[in-house]
Each structure stands twice: as C-alpha cells, then as structure tokens.
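Residue-level structure breakdown
Listed below, chain by chain, are the residues.
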Amino acid sequence: MSDAGRDSVPPTIRDIGKCMISPFFEPSLKPTDNHIGYLERDPIRGQDSINTFKEILQLAVKHDVDFILLAGDLFHENRPSRDCLYQVIALLREYTLNEKPVQLELLSDPNEGKAEGYNFPSINYEDPNLNVGIPVFSIHGNHDDPQGAGPEGALCALDVLSVSGLLNYMGKYDLPVSNAEAQQTGIAIRPVLLRKGSTFLGLYGVGNVKDQRMHFELRSNRVRMYMPRNKNEWFNILLLHQNRVRHGPQESVPEGMFDDSVDLVVWGHEHDCRIVPESVAGKNYFITQPGSSIATSLADGESIEKHVALMEIQGKEFQLKPIPLRTVRPFVLEDIVLSEASEEEGFDINDQIAVSKFLKSRVNALIEQANQLWDDRNKRAAQDGEEELPRMLPLVRLKVDTTGVSEMSNPIRFGQEFQGRIANPRDVLVFHRAKKTTRTAKVTIDQPELSIDDPELSISEKLSKVRVHTLVKEYLAAQELQLLGEAGMSDAIQMFVEKDDSHAISNHVSTALRALMKGVQANGELDEDDLDDVVYKVREQHDQQYAEQAKTGKAAKSKGKGKARAEDSDGGASVDSIMMDVDAAGSDFEAQSDEVPPPKKKATTSKKTTTATKAPAKKAPAKGRGKKVVASESEEVIELDEDEDEEDEPAPAPTKKTTRAAVLSQSTAKKASAKKTTTTKVKGSSQQSTLSFAPSGRSSTRAAATRARGKLASTVDSDD
C-alpha cells in the first residue's frame, strides 16, 4: 500500500498476481483455522470442516490464484485421524496439482527448510518431478504444532504434507535445548522470496509459540527477520498464529510490536472474522484477521459470517476482497434475561411449564432466522450464476440468565424436542446466573512500581535487572498480605521458579497457616473485633522469627531432619539413620571414639542366638542411640553405648529402631558368644578403636536398606 493511502481504505489495484486468504491461507487466497477433523464422529457436523476446505480450494481454482496462504490450524488435532489425512491429501492433489504453469519466480534458497538427508527442495513447485499448479504455503497453529523428539526432531501433520509435495511448510524453527541457549537466541524468521513481473513479495511465517514467550521476544527485540537489502522495494507479509485478544499480562501479542518493514500481517488463531484490513496506530502496516472457516465453539465471535480473502498485489499496493463461504453451517444465538422476559411476556418465572413454553418459542424464532440466512446466501449465489445448495441444519444457542429462578428444566431433555431441526440439540440451551458479590470489603491489589519500569532505563539495562527474587519481593511489598509474610512467600516462589519445586508454595502456605492458627489459639477466646489485631501481631512475630532464622542460616526444616540433627549433637558420636545404596563390592566406613564404654550386662548373655535376618533379641537400654558394629574378621556384634550411666537398667522390650550399622549387622550368619564379645570390647577399650565395616556378600541389599528407612521413619514419627 502506498504511503499516501496507508491511513485510508486500500486503493484499487491494477493487474497483479492474485492470492487467496482464508482462515489459514495467505496471498492469493487467504484462509485460517480450518480445524479439519473437528467433531468428525458427529453424524451431522462431522464433514463440515472438510466440506468448507473443499470449497476454499474450489474458489482458488475458480479465481485462478497464484498461491494460497494458510495461517495455522489446518487440522484440529495434533495427530489427525487417517480419514482426515486421506481426505486432505486427496483434495490437495485434486485441486493444486495440475499442468498450470506457476508464474512465481523463487528468489530465496529452495533448500532452505528442506527435509534433512533428502535432495528434493522445500518448495514443491521447484521439484521437476511434481506438476504443481497452485502452491500452498502454511504455518502451524496451536492445534497442529510439531511434537515429539525423534531422530528427525519434532514433527507434525504439515511435515507429512510437505515431504509428500502437496504443501510448503514454513515458519518452523528449532527451540533452544537449554535455558542458557535460550537467553542467547531469539526467534529467527527466514522468508520465502517470490517475484512476479515487477512485484517482489516476501512471505514471513512464524508458527505458534507460547504467547508469553512471543511477547517476551518481541519486547526484547529478539525476533530477527532476515530481509533483502532493498527491503523497501518488497511487499512483506507476516503470517502468525497467536492470541490477539488480551487474556492476561503476557497472554497475547500486542499489535504494534512488529517490524516497520512489514506491510501486511495475516493473523491466525482468532476465530471471529475481521478480514477487512485494519490500520495500527503508529505503524505503517495493516492487519487482516480472516477468522476460522468452521465454528468450534458456540460463542459470539463464531456467529459472524465466515469469509476468505482474495488479494491482489502490485508493487507496494494491495487490494483485498472478502468472499463469503457458502458451505459454513449457519449459526445464530441470543441472550435472554428470564426475569426481564417474564415482565415483558407476563409469565411466572417459577412456573416451569410457562418458562419452557417461552424458551421453545425463542428457539423456533432462531431456527427461522438461521434458515432465512441460508436462503439469502442462495439468492446471492443465484444472482452470480451459481447453483443453490441444499439447506443445512443450523447451529442455535440460547443463553438464559436464570438469576432469581429457583429451578429449571433439563437442557438436554429440552433440546431433544428439536431433534432433526437443528445440528446441536444437546447444547442448544445454556443456563447461567449473574455473579453476586457477598463481601463488601475486598483486598485490592495495588499496581506495583517495579524497578524495571523505570522509563530512563534502556531495554538491555532492564533485562539485566530482571531477577525473579527481586520482582517477587517488589510485587509482594505492594500488596496487602493479611495472613502470609512477605519474606517467606518470596522465598517459596523463588524455590518454585528456580528449583522447580512444585510443592514449595503450597507447603509454605500450609505451614504458615498452621503456625498462625496456633498463635491465635494461644490467646484464648477472642472477640471478633480483636481478631484482626491478634492476627497481625502473631504474623509480625512469625516474620521476625523467620528473618532471624534467615540471618543465622537456620531456616526451619522438616521435623524428622531437625530431630535427627539434635540427636546427632546430643549423642556424641554421629548416628547414621539411613543406609546408603552401595555397589556389589560394598564400602568401608570408619568411626573413631576416644573412649569405649564397658560392656553391658544384658548385652553379653548367651541368649543372643538370633538369625542374621533379624535384629538382636535384646539390647541394653539407653537414652542415647547405640551403634552396632560388625567386625568382619570374627563376625562379632559390638555395641558401643553412648550413655554409661544407665547400663545396669533392666532391658525394655525390643524396639524397631534401625541404624545403618544395624542393617549391616543383619547380614551376619551368626552372632558371637557372650565371652568373645566381652573380650573384644575390653580389648578395644585400651586403645583408640578403628571399626571397619567390610562387605559381607550380597545379603545386605538395597531392599534391606529400604526396609530400614521405613522402620526408621516410623520410629522418628513415634518419637515426635
């Protein structure tokens, strides 16, 4: 479009190459979002998508277009059924392969994007073995995007059509493997450069990516478009498949963030038809949104009449002509507020018979309206010399606001009365109620002023300052948190993001709320007026305790680990409570002690004849944990007690406490006699003992270690 006409309606074009744009196609004929395979098992609507796709190809042949552009979601599913693939391949072969010469000269590298390891070019009409009459160029959408990690990389159904020579798949790029690589690489868009006569056309396609990433890449100026040196002489078209409507802070792609060298953006993914080019404030390019060729949801945007676009280009000017699609099933909908309708029509909203009679009358009116739309299409087609099409069952949706109504009839049973008259009898009726706000006081979320929002900072400086911990801390500081502390919540979010701990936030919230409840309950019975003050004070105390623990490096851990550390520090010698996995050769552990206590009376009795698969039948009681050691040379059981004062107390019932040494001791075939045990212990008391744990065959297995861990866990829980 010329500079003079950029703020006005696209000018009329003289003779130039034609292209078709539909909900998935660009230049010449442009359609987007065909969603072939949607409801393919439905006996009424199963063939809607393939019938409309066939109509689009017939329009391309009728208007003698140079090529077809698709803007994503050719298929409704990532793995289309064999029936879908069969019909699409058959239609593409029927309407795009013929002896018509392609008048488009390819100026870019024909091997750019070709299948690795094969010799045929990526652009099908450059292959001498194929007779392509209408080239089809397509990007992938969010429904048919590449998946998998096989030897050929991620693949999709478009790859199959591409290597078969029926379609030219563009806009595919490899995602970075690592996070470090992702920070250094952006999105590179390499064009397909075409020429016809004196008109140069650049096709830039980028398949669907997550909207958050695309938003970040555009904001960071990391979307690189490879353009010719004389790019101002080219008419550049960008195909993309992203959210245009704002769904969140970064859940959409802003319209004004594309390169200024782009002349036209063909926007896929959005289903409402806005095919007439729209200007963008502060930019030189236009946006056309063909919409979908089939209604995949009974929403307001789907009720707009479906079109494809026939576009003619000459130099830097273009003209776009919308063409309505005749095979699209008519769709009408209406919103009704039942309380208001009852006042106008004079019926009781609590009388189900009267309400049902009124709703049936509204559905009948919508059916008549949809049939009239179909008849009007046939009249226009007859005026253009085309044949009339048989009437299709319409899609009807009646949305009813039932606020104030106590009971309603079954919507599925209601729809059965319209079987054979509409295409969607099961969901013709949908009930909803207006949301009521029961709370008058609500915590309002402040809009924080983050450090990276400083207008004086450049983009590179902002990116260098982006840290998850900093952003979370600044954001939480601007909120009115009533129950959770800012510091603990910030650390939990950081663990969730940086350490990939999916339970960090939930664990912190549950722990903080339990501690808060205990603190409040400690104050006894409270009046409702004093509750907020007590909660605030308890939370402040917890925040101070958390800050002190963070400073000293003693952040709270789990109960079991904390208690194990306490026992280790109290017991003198380190007690390993979990047996580590060892290989077949085993491993040696050494423990040293300055003083070995005398043998226990109960431990040296001759009753120790338990087999190797069981723990000792009796042992000396001790408040500290004893360490059982296996001497490999004589297969003796040595007990080193850490509390000498209680060695003469009577023996309690055997417990199930299990240590690493105890697990290793289970592998011994027999325990030594009492005399030999006493002799060994006395001998060891005269010098600093070095206790060696030699491997004792394969009897000490990982299964035994697992059982030992389970016994220890149950013991620790009982101690708690």
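Small disclaimer: the values here were computed from a predicted structure and weren't measured. In every chain, residue numbers begin from 1 and rise along the written sequence. Local features in this predicted model are restricted to residues of pLDDT 70 or higher, and side-chain atom pairs are both shown and tallied only at a pLDDT of 80 or more, whereas totals for entire chains, interfaces and linings draw on every residue. The side-chain figures draw on all heavy atoms in the structure; neither hydrogens nor water molecules are used.

Before going further, it helps to spend a moment on the overall build of the protein. In this description a helix means any DSSP run of H or I spanning at least four residues, a strand means any run of E spanning at least two, and both kinds are numbered starting from the N terminus. Secondary structure summary: the protein contains 17 helices and 25 strands in total. Among the 720 residues that make up the protein, the fraction classed as buried is 42%. Excluding contacts between residues fewer than 6 apart, the proportion of contacts in the protein whose partners are at least 24 apart in sequence is 72%. As displayed, the protein has an accessible area near 40,200 Å², and 49% of this comes from carbon and sulfur atoms. For each residue, the accessible area found with a 1.4 Å probe, counting protein chains only, is set against the maximum for its type, and the residue is called buried under 20%, exposed over 50%, and partly exposed in between. When checking whether two residues touch, look at their non-hydrogen atoms; a contact exists if any pair is within 4.5 Å. Computed by Shrake-Rupley with a 1.4 Å probe, the accessible areas treat only the displayed protein chains as cover when residues are assessed.

The next subject is the packing of aromatic side chains. Remark: the centre distance and the inter-plane angle together describe each pair of aromatic rings, the angle taken between the planes. Only rings of Phe, Tyr and Trp enter the pairing, Trp through its six-membered ring, and a pair is recorded when the two centres are within 6.5 Å. The plane angle decides the type: under 30 degrees is stacked, over 60 is edge-to-face, the rest tilted. Tallying each qualifying case throughout the model produces nine aromatic pairs. Consider the rings of Phe258 and Trp267, whose centres lie 5.9 Å apart with planes at 75°: the pair is edge-to-face. We classify Trp267 as buried; its relative accessible area is 0%. Aromatic side chains Phe286 and Phe318 sit 6.1 Å apart centroid to centroid with 70° between the ring planes, which places their arrangement in the edge-to-face category. Highlighted residues: Phe286 in strand 16 (residues 286–289) and Phe318 in strand 18 (residues 317–324), separated in sequence by 32 residues. Taken individually, Phe286 and Phe318 each receive the classification buried, so the pair is uniform in this respect.

Turning our eyes to something else, we now look at the nonpolar core. Grouped together as the largest cluster of nonpolar side chains are 32 residues, with contacts concentrated most on Ile68 and Leu74. Only helix 1 (48–62), strand 3 (68–70), helix 2 (82–96), helix 3 (157–163) and strand 17 (307–314) provide two or more residues apiece to this core. In terms of residue count, helix 1 provides more of this core than any other element does, six residues in total. Side-chain atoms within 4.5 Å are what join buried Ala, Val, Leu, Ile, Met, Phe, Trp, Tyr and Cys residues into a set we call a nonpolar core. Ala71, Ile123, Leu264 and Val266 belong to the second largest nonpolar core, which has 28 residues in total.

Our focus in this paragraph is the sheet that holds strand 14 (residues 264–268). A pair of strands is treated as paired once DSSP finds two or more bridges between them. Strands sit in the order 4-10-11-13-14-16-15 across an open sheet of seven strands; the sheet is mixed. On the outer flanks of this sheet lie strand 4 (105–106) and strand 15 (274–279), each paired with one strand and no other. Bridge analysis of strand 14 against strand 16 gives three bridges, and the strand direction is parallel. Bridged to Leu264 within strand 16 is Phe286.

What is expected of a backbone is that most residues other than glycine have negative phi and most peptide bonds are trans. Even without being a glycine, His35 presents a positive backbone phi close to 50°. Among the structural elements, His35 can be located in the loop between strand 2 (29–30) and helix 1. Positive phi, close to 50°, is recorded for Leu39, a residue that is not glycine. Relative to the assigned elements, Leu39 resides in the loop between strand 2 and helix 1. Classification of Leu39 as partly exposed rests on a relative accessible area of 33%.

A few words now on the pattern of salt bridges. For side chains bearing opposite charge, pairing can occur when the charged atoms are close. What makes a salt bridge here is a side-chain nitrogen of Lys or Arg within 4 Å of a carboxyl oxygen of Asp or Glu, nothing more. Taken as a whole and assessed by the stated rule, the structure comprises 25 salt bridges. As a salt-bridge pair, Lys399 and Asp300 come within 3.6 Å of each other at their nearest N and O atoms. Pair noted here: Lys399 is in strand 20 (residues 395–401) and Asp300 is in the loop between strand 16 and strand 17, with a separation of 99 residues, a long-range link. Residue classification places Lys399 among the partly exposed positions, given a relative accessible area of 21%. The partner of Lys306 in a salt bridge is Glu302, and the shortest N-O contact between them spans 2.7 Å. For the pair Lys306 and Glu302, a shared accessibility class is recorded, and that class is buried. Here the salt bridges share partners, and the residues they tie into one network are Arg244, Glu255, Arg274 and Glu278.

Our next topic: the sheet that holds strand 3. Across the sheet, three strands lie side by side as 3-5-8; this open sheet has parallel pairing. Unpaired on one side and paired on the other, strand 3 and strand 8 (168–169) mark the two borders of the sheet. For strand 5 (residues 136–138) and strand 8, the ladder comprises two bridges, and the chain directions are parallel. Residue pairing for strand 8: Phe137 is matched across the bridge by Asn168.

Bringing the confidence of the model for the protein into the picture now. The pLDDT value expresses, per residue, how confident the predictor is, ranging between 0 and 100. Mean pLDDT over the protein stands at 75; residues scoring 70 or higher make up 64%. Below pLDDT 50 for its whole length, residues 554–597 participates in 67 contacts with residues either more than four positions away or in separate chains.

Orientation is described by lines fitted to C-alpha atoms, with helices fitted over the stretch in contact, and by angles between N-to-C directions that extend from 0 to 180 degrees. Running from N to C, helix 6 (residues 338–345) and helix 7 (residues 352–383) point in directions that differ by 90°, and their axes come no closer than 12 Å. What the angle tells us is that helix 6 and helix 7 run roughly perpendicular. Across from Leu338, Ala341 and Glu345 in helix 6, the residues of helix 7 making contact are Val355, Phe358 and Leu359. Amino acid classes used here: Ala, Val, Leu, Ile, Met, Phe, Trp, Tyr, Cys and Pro are nonpolar; Asp, Glu, Lys and Arg are charged; the rest, including Gly, are polar. Considering only residue class, the contact of helix 6 with helix 7 consists of five nonpolar, no polar and one charged. Roughly parallel refers to an angle under 35 degrees, roughly antiparallel to one over 145, roughly perpendicular to one between 65 and 115, and oblique to any angle outside these ranges.

Before going further, it helps to spend a moment on the pairing of strand 20. The buried fraction of strand 20 amounts to six of the seven residues, a majority that puts the element mostly inside the structure. Looking at chain direction, strand 19 (residues 331–337) and strand 20 are connected through seven bridges and run parallel. Within strand 20, the residue paired with Asp335 across the bridge is Lys399. Inspection of the sheet shows strand 20 paired to strand 21 (residues 429–432) by four bridges, in the parallel sense. By the bridge assignment for strand 21, Asp401 is matched with His432.

Right, let's get into the environment of Asn350. Tracing the chain through its elements places Asn350 in the loop between helix 6 and helix 7. Once the C-alpha coordinates of Asn350 and Glu407 are considered, the two residues, 57 residues apart in sequence, prove to be 7.3 Å apart.

Here the focus is helix 2. Every α-helix carries 3.6 residues per turn, so stepping three or four residues along brings you back to the same face. Expected span of a helix, by definition, is 1.5 Å for each gap between consecutive residues, and there is one gap fewer than residues. With 15 residues, helix 2 should cover 21 Å at 1.5 Å per step; its first-to-last C-alpha distance of 21 Å lies within 8% of that length. Within helix 2, the full set of buried residues consists of Cys84, Gln87, Val88, Leu91, Leu92, Tyr95 and Thr96. Down the axis of helix 2, the sector holding all buried residues measures 130°, keeping them to one side. Along helix 2, exposed side chains directed more than 90 degrees from the buried face belong to Arg82, Tyr86, Arg93 and Glu94. Among the structural elements, helix 1, strand 5 and helix 3 are those in contact with the buried residues of helix 2. Directions drawn from the helix axis to the C-beta atoms are what define this arc.

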